[in-house]
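# What the coordinates show
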Amino acid sequence: MKVNPMRFLLSTVAAFAFTGMAAAADKADAADSDVHVLTTDTFKEWTAAQKLALVEFYAPWCGHCKALAPEYEKAATTLKKEDISLAKVDCTEEQGLCEELEIAGFPTLKVFKDGDHAAYNGTRQEDGIVSYMRKQLLPPLSDVTADTFDEFSKSDRVVVIGYVNDKDSAEFSELDTLAKELRDEYVFGVVVDAELAKEHGVAAPGVVVYKKFDDGKDFVKGSSIPLLGDISAETYQMYAQAGLPLGFIFHDSEEMKKELQDKFYDVAKDYKGKISFVLIDATKYASQADFLNLKQEWPAFAIQNQTSLAKFPFPQDQELVFVDKVVDGTAEPSYKSEPIPETNDDSVFVLVSKQFNEVAFDETKDVLVEFYAPWCGHCKRLAPIYEKLGKVLKANKNLVIAKMDATANDVPSSHEGLQVQGFPTIKLISGKDNTIVEYNGNRSLESFIEFLEENAANKITYNKDDLKEEDEEEDEDEEPTEPVSEKEQHDEL
């Protein structure tokens, strides 16, 4: 990608100027904020001292971080009363700390508890943050008694209470297993009191979902989300956690939105618990329509499987029986692909979706694939090393070093091990049995070769003198981290 030097200089100066102003504003507001500001020097001591804490890793120029800020502040004030602390780290100031914690995007939130940390998987709204963090203090399955029932059943937007005869039963064991698996998403309780169950009209064993919104009836997945709600960056996690396919209904005006609500309401009701239908602002989230291989024409509709990531853009000249085919598995997914290159003789093979299966799953060859984005700074810094890897190993006829622009090509969704969550993602597809192994080493020529020697089905050969030359080049060509990528400039889910 060509970069205008003057534009890049101005954007860099602006980014640093904004960072400086944001830092000054942070200091001025710190005394009035319930969000703790952490630095490299204070981070480890502070997190170790907290019973439970949530830490946001952000950049002042990040639009999603700015949108999160007021919700995060309100959540910090609410949770402060419950001895749950919220903090933030400016990754433009504390780069070493953020690299150590492998912060790959902004904002990233992590939960710190008992000396360990884990990814935060809740929504970015105050009620979602508060709900998620409160769950971290609860056991996976809480005992519910007559004294605690009313408060517990109303303690969160979705509360699941199981009624069992005793804790030695198979039903209790199943409920306990489910509660441990879904503890981050839902509050689970158990009643072992026949009189209390009778009082609430339940015959044990049984399960009741107590919730605060519309008329869904299916257990947990179907009951935890609205029937036909709006989706945005703030609500996406709620829908994603339900695990159901998402039916995206694109509109570009309030009038169109109302018409689509009326049109899709009965469809959404019929498929409750099978597909989550959501209304999405096409003006704000046009890039999502592109991602789903839809034309920029509104209204538009597409379904995406949240497990396989398969995309099913709706042909507007067809009836909605299309939905039946997606549910029963007979619909053909859509794959975006660049044209197959006319020549492909360089050291790194250019892979596109149209020929992906043919090349990647050739059992006579090991195939190492880099999935990249043209705007990704890490991908740009990797490019010369990856090109050198292709040259050093070019003589190995049973090995393909390949790259694929994952913004212009879809990865075939039937292969879950090939899902791409960030850039660059590098995976080896073994020539022996098509086993998929993800590369997680450092991005040096030697590390790539060690990985291939250990995991490739076919033996590789190379000239060791080429590795020494690469070491010298790496030392000379170290580049700074870019202040912002083009990708961050668009609204995304």
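Residues numbered from 1 in each chain as written. Predicted model: local features only at pLDDT ≥ 70, side-chain atom pairs only at ≥ 80, totals over all residues. Heavy atoms only, no water.

Looking up the protein chain in an unreviewed UniProt entry gives the name Protein disulfide-isomerase, with the organism given as Linderina pennispora. Per UniProt, the protein chain has the following entry under Sequence similarities (unreviewed entry): "Belongs to the protein disulfide isomerase family." According to its UniProt record, the protein chain has this under Function (unreviewed entry): "Participates in the folding of proteins containing disulfide bonds, may be involved in glycosylation, prolyl hydroxylation and triglyceride transfer." (UniProt positions renumbered as here; feature names shortened; annotations may be inferred.)

## Points about helix 5 (residues 126-137)
Along an α-helix, a turn takes 3.6 residues, which lines up residues three or four apart on a common side. In this model, helix 5 (12 residues) spans 17 Å end to end at C-alpha, consistent with the 16 Å of a helix rising 1.5 Å per residue. Along helix 5, the residues that are buried comprise Gly 128, Ile 129, Val 130, Ser 131, Tyr 132, Met 133, Lys 135 and Gln 136. Elements that come into contact with the buried residues of helix 5 comprise strand 2 (52-58), helix 3 (63-80), strand 3 (85-90), strand 4 (108-113), strand 5 (116-119) and strand 8 (187-191). (Helix = DSSP H or I, 4+ residues; strand = E, 2+ residues; numbered from the N terminus. Expected span 1.5 Å × (residues − 1). Buried < 20%, exposed > 50% of the residue type's maximum accessible area, 1.4 Å probe, protein only. Contact = heavy atoms within 4.5 Å.)

## Digging into the pattern of salt bridges
Per the stated rule, a full pass over the model turns up 13 salt bridges. As a salt-bridge pair, Glu 82 and Arg 134 come within 2.7 Å of each other at their nearest N and O atoms. Taken together, the residues span a long stretch of sequence, with Glu 82 in the loop between helix 3 and strand 3 and Arg 134 in helix 5 at a distance of 52 residues. The class for Glu 82 is partly exposed, based on a relative accessible area of 27%. The class of Arg 134 is partly exposed, set by a relative accessible area of 35%. Residues Lys 167 and Asp 143 are paired through a salt bridge, measuring 2.7 Å at the closest nitrogen-oxygen approach. Taken together, the positions of Lys 167 in the loop between strand 7 (158-163) and helix 7 (170-181) and Asp 143 in strand 6 (residues 142-143) put the pair 24 residues apart, joining distant regions of the chain. (Salt bridge = Lys/Arg side-chain N within 4 Å of Asp/Glu carboxyl O.)

## Comments concerning the packing of aromatic side chains
By the definition in use, this model includes 18 aromatic pairs. Pairing Phe 301 with Phe 314 gives two aromatic rings, centres 5.8 Å apart and planes at 70°, and the pair type is edge-to-face. In this pair, Phe 301 is assigned in strand 13 (residues 300-304) and Phe 314 in the loop between strand 14 (311-313) and helix 12 (322-328), connecting sequence segments 13 residues apart. The class for Phe 301 is buried, based on a relative accessible area of 3%. Grouping aromatic residues by their ring pairs yields a cluster made of Phe 264, Tyr 271, Phe 277, Phe 301 and Phe 314. (Phe/Tyr/Trp six-rings, centres within 6.5 Å; stacked < 30°, edge-to-face > 60°.)

## Regarding the state of the cysteines
Evaluation of the coordinates by the stated rule reveals 1 disulfide. The disulfide partner of Cys 91 is Cys 98, and the S-S distance across this bridge is 2.0 Å. Taking the sign of the torsion about the S-S bond as the criterion, the disulfide between Cys 91 and Cys 98, at about -85°, is left-handed. Of the residues examined, Cys 91 reaches a relative accessible area of 7% and is grouped as buried. Assessed through its relative accessible area of 5%, Cys 98 is described here as buried. (Disulfide = S-S within 2.5 Å.)

## Let's talk about the side chain of Thr 425
For Thr 425, the location among the structural elements is in strand 18 (residues 425-429). For Thr 425, a relative accessible area of 6% translates into the label buried. Reaching out from Thr 425, the side chain makes a polar contact with the backbone oxygen of Gly 422 at a distance of 2.5 Å. (Polar contact = N/O pair within 3.5 Å; in protein donor to acceptor, adjacent residues only side chain to side chain.)

## Points about the packing of helix 14 (residues 377-392) against helix 15 (residues 445-455)
For any two helices packed against each other, the geometry is given by the interaxial angle and the distance between the axes. The contact between helix 14 and helix 15 brings their axes to 10 Å, and the two run at 50°. Considering their axes alone, helix 14 and helix 15 lie oblique with respect to each other. Viewed along their axes, helix 14 and helix 15 form a crossing whose handedness is right-handed. Between helix 14 and helix 15, the residues in contact are Leu 382, Ile 385, Lys 388, Leu 389 and Val 392 and Leu 445, Phe 448 and Ile 449, respectively. When the residues that make up the contact of helix 14 with helix 15 are grouped by side-chain class, the tally is 7 nonpolar, no polar and 1 charged. (Axes fitted to C-alpha atoms, helices over the stretch in contact; angles between N-to-C directions. Parallel < 35°, antiparallel > 145°, perpendicular 65-115°, else oblique. Left-handed = near helix turned anticlockwise from the far one by under 90°. Nonpolar A, V, L, I, M, F, W, Y, C, P; charged D, E, K, R; others polar.)

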